[in-house]
Amino acid sequence: MTGDEAPVAAGAELQNEPEVELGEAELLLRTVLENLPVAVCRYDREGIFRFHDGKGLETSGVRPGEHLGKSVYELYAGSPEGVEAIRQAIEGKGSHTVTEAHGLTWETWYVPVRHGGEPGAVSITMDATAARQREQELRNKLELIEKQQRVIRDLSTPIIEVWDKVLTLPMVGVVDSLRIAEVMDNLLTAIVNKDARYAILDLTGVDAVDTRTAGYIIEMIKAIRLLGAEGIVTGIRSNVAQTMIALGLDLSGVTTVGNLRAGLKLCMRRMAAAGEAGGAGCVPVK
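Residues numbered from 1 in each chain as written. Predicted model: local features only at pLDDT ≥ 70, side-chain atom pairs only at ≥ 80, totals over all residues. Heavy atoms only, no water.

Secondary structure assignment for the protein chain yields eight helices and ten strands. Looking at the protein chain as a whole, 33% of its 286 residues qualify as buried. Summed over its atoms, the accessible surface of the protein chain is roughly 17,400 Å², and 55% of this surface lies on carbon and sulfur atoms. (Helix = DSSP H or I, 4+ residues; strand = E, 2+ residues; numbered from the N terminus. Buried < 20%, exposed > 50% of the residue type's maximum accessible area, 1.4 Å probe, protein only. Areas by Shrake-Rupley, 256 points an atom, 1.4 Å probe, with all protein chains shown as cover.)

Below you can see the structure in the form of structure tokens.
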């Protein structure tokens, strides 16, 4: 090593190292163009290519510098969206687009620039195919999770026709506002479709309810009544009852019994007393 040569730190050598005389900005630009899937172009005020380079050109089958001196308006006359974006950038209005070409997804930024006092534009295009694929895969996974959650919610809150014109809705776990809203829609629809006379809301397996949910349960009973049916609540736990009382909810118009068995017997007795078909042949329970 001569006295004019600077020492090189171990591991600092780069493959295809840029020449020493390159400026810092050009060094960084050259590193990006040679290693990342991008294509950078500069256009003068007439839309003529003055710079055309980047590793991203490889996938489109175009060699770096191949378009130098050519008009972008003529080369890409078949892509009016891109041509218009370049025209607007030359006029001073930047933009950003995502397009499909050569089986890949391309993300492009069009930036107004001035060179030697003359207006022009720079386009920076990146191969975004991998990122878009990951985004789509994530979206698909989220949709799958959402579907699975809906199935789980449906399984955890099945609407069962336990007797002719008698539906029961056994609920399990923690009941939040979103879940109770979905349950209400499903239950009211089932009451209409089954022409149900009674709907039993069994809360035996409910560990806790939030403050809004307790109010929803009362609203559900009222909605059931509007459909010409009667709502009966069974199996309320002490902590759930305390939540309802603490909220000052009026339970005077709600029929409640200790458990699902008692609720079903109550429905059968009332139907038998009213001479309805579902209660025929039922032995009154004392």
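All right, on to the sheet that holds strand E2 (residues 49–53) then. Across a sheet, paired strands are connected by hydrogen bonds in the backbone, their directions being either parallel or antiparallel. In spatial order, the strands read E2-E1-E5-E4-E3; together these five strands make up an open sheet with antiparallel pairing. Either end of the sheet is taken by a strand with one partner, and the two such strands are E2 and strand E3 (95–101). Within the sheet, the average angular offset between the axes of one strand and its neighbour, ignoring direction, is 20 degrees. Here strand E1 (residues 38–43) pairs with strand E5 (residues 118–127) via six bridges, running antiparallel. Residue Ala39 lies in a different strand from E5, and its bridge partner there is Thr125. Packing against the sheet, helix H1 (residues 24–35) makes contact with E1 and E2, and its axis sits at approximately 60 degrees to E2. (Pairing = 2+ DSSP bridges. Axes fitted to C-alpha atoms, helices over the stretch in contact; angles between N-to-C directions. Contact = heavy atoms within 4.5 Å.)

Moving on, we get to the confidence of the model for the protein chain. Model confidence for the protein chain is summarised by a mean pLDDT of 80, while 85% of its residues fall at 70 or above. Per-element mean pLDDT across the protein chain ranges from 75 in helix H4 (residues 129–156) up to 94 in strand E9 (residues 230–234). The low-confidence segment residues 1–20, where pLDDT is below 50, has four contacts with residues more than four positions distant or belonging to other chains. (pLDDT = per-residue confidence, 0-100.)

So, on to the nonpolar core. Grouped together as the largest cluster of nonpolar side chains are 29 residues, with contacts concentrated most on Met171, Leu187, Ile191, Leu201, Val206, Met220 and Ile224. Sorting the residues of this core by element identifies strand E7 (166–175), helix H5 (177–194), strand E8 (198–209), helix H6 (211–226) and helix H7 (238–246) as the ones contributing at least two each. Setting aside chain neighbours within four positions, we find Val206 in contact with Met171, Val172, Gly173, Val175, Arg237 and Val240. By size, the runner-up hydrophobic cluster in this structure holds ten residues, among which are Cys41, Phe49, Ala85 and Ile90. (Core = buried A, V, L, I, M, F, W, Y, C linked by side-chain atoms within 4.5 Å.)

Glancing now at unusual backbone geometry. Of note in this structure, Lys165 is not a glycine but carries a positive phi near 70 degrees. Position of Lys165 relative to the elements: it lies in the loop between strand E6 (160–163) and E7. Residue Asp195 is not a glycine yet carries a positive backbone phi of 55 degrees.

What follows deals with the packing of aromatic side chains. Counted under the stated rule, the structure contains one aromatic pair. The ring of Tyr73 is capped by Arg87, whose NZ or CZ atom sits 4.6 Å from the centre of that ring. Over the ring of Tyr198 we find Arg197, and its NZ or CZ is 4.8 Å from the ring centre. (Phe/Tyr/Trp six-rings, centres within 6.5 Å; stacked < 30°, edge-to-face > 60°. Lys NZ or Arg CZ within 6 Å of the ring centre and 35° of its normal.)

Relative to the 20 Å expected for 14 residues at 1.5 Å per residue, helix H8 (residues 260–273) spans 20 Å between its end C-alpha atoms, a close match to the ideal helical length. Within H8 the residues assigned to the buried category are Gly263, Leu266, Cys267, Met268 and Met271. Summarising the contacts, the buried residues of H8 are in contact with E6, E7, E8, E9 and strand E10 (255–257). Between a side-chain oxygen at the N-terminus of H8 and the backbone nitrogen of Arg261 the separation is 3.2 Å; the capping residue is Asn259. Downstream of H8 by a residue or two, Gly275 has a phi angle that is positive, lying close to 70 degrees. (Expected span 1.5 Å × (residues − 1). Polar contact = N/O pair within 3.5 Å; in protein donor to acceptor, adjacent residues only side chain to side chain.)

Two measures define how a pair of helices packs: the angle their axes make with one another and the distance between the axes. Where H5 meets H6, the closest approach of the two axes is 10 Å, and the angle between their N-to-C directions is 10 degrees. Between H5 and H6, the crossing angle belongs to the class labelled roughly parallel. Residues Ser177, Ile180, Val183, Met184, Leu187, Leu188 and Ile191 of H5 touch H6, and the partners they reach there are Arg212, Thr213, Tyr216, Ile217, Glu219, Met220, Ala223 and Ile224. Looking at side-chain class alone, the contact of H5 with H6 contains eleven nonpolar, two polar and two charged residues. (Parallel < 35°, antiparallel > 145°, perpendicular 65-115°, else oblique. Nonpolar A, V, L, I, M, F, W, Y, C, P; charged D, E, K, R; others polar.)

Mapped onto the secondary structure, Thr105 falls in strand E4 (residues 104–115). Its relative accessible area of 8% is what places Thr105 among the buried residues. Apart from residues no more than four positions distant in its own chain, Thr105 is found in contact with Val98, Thr99, Glu100, Met126, Asp127, Ala128, Thr129 and Arg132.

Burial within E9 is extensive, with five of its five residues counted as buried. Residues Glu230, Ile232 and Thr234 of E9 are buried on one face, and the alternating residues Gly231 and Val233, pointing to the opposite face, are buried as well. In this structure, E8 lies alongside E9, joined through five bridges in parallel fashion. Bridged to Tyr198 within E9 is Glu230. Following the chain from E8 across H6 to the adjacent parallel E9, one finds a crossover that is right-handed. (Right-handed = clockwise from strand over helix to strand, strands pointing away.)

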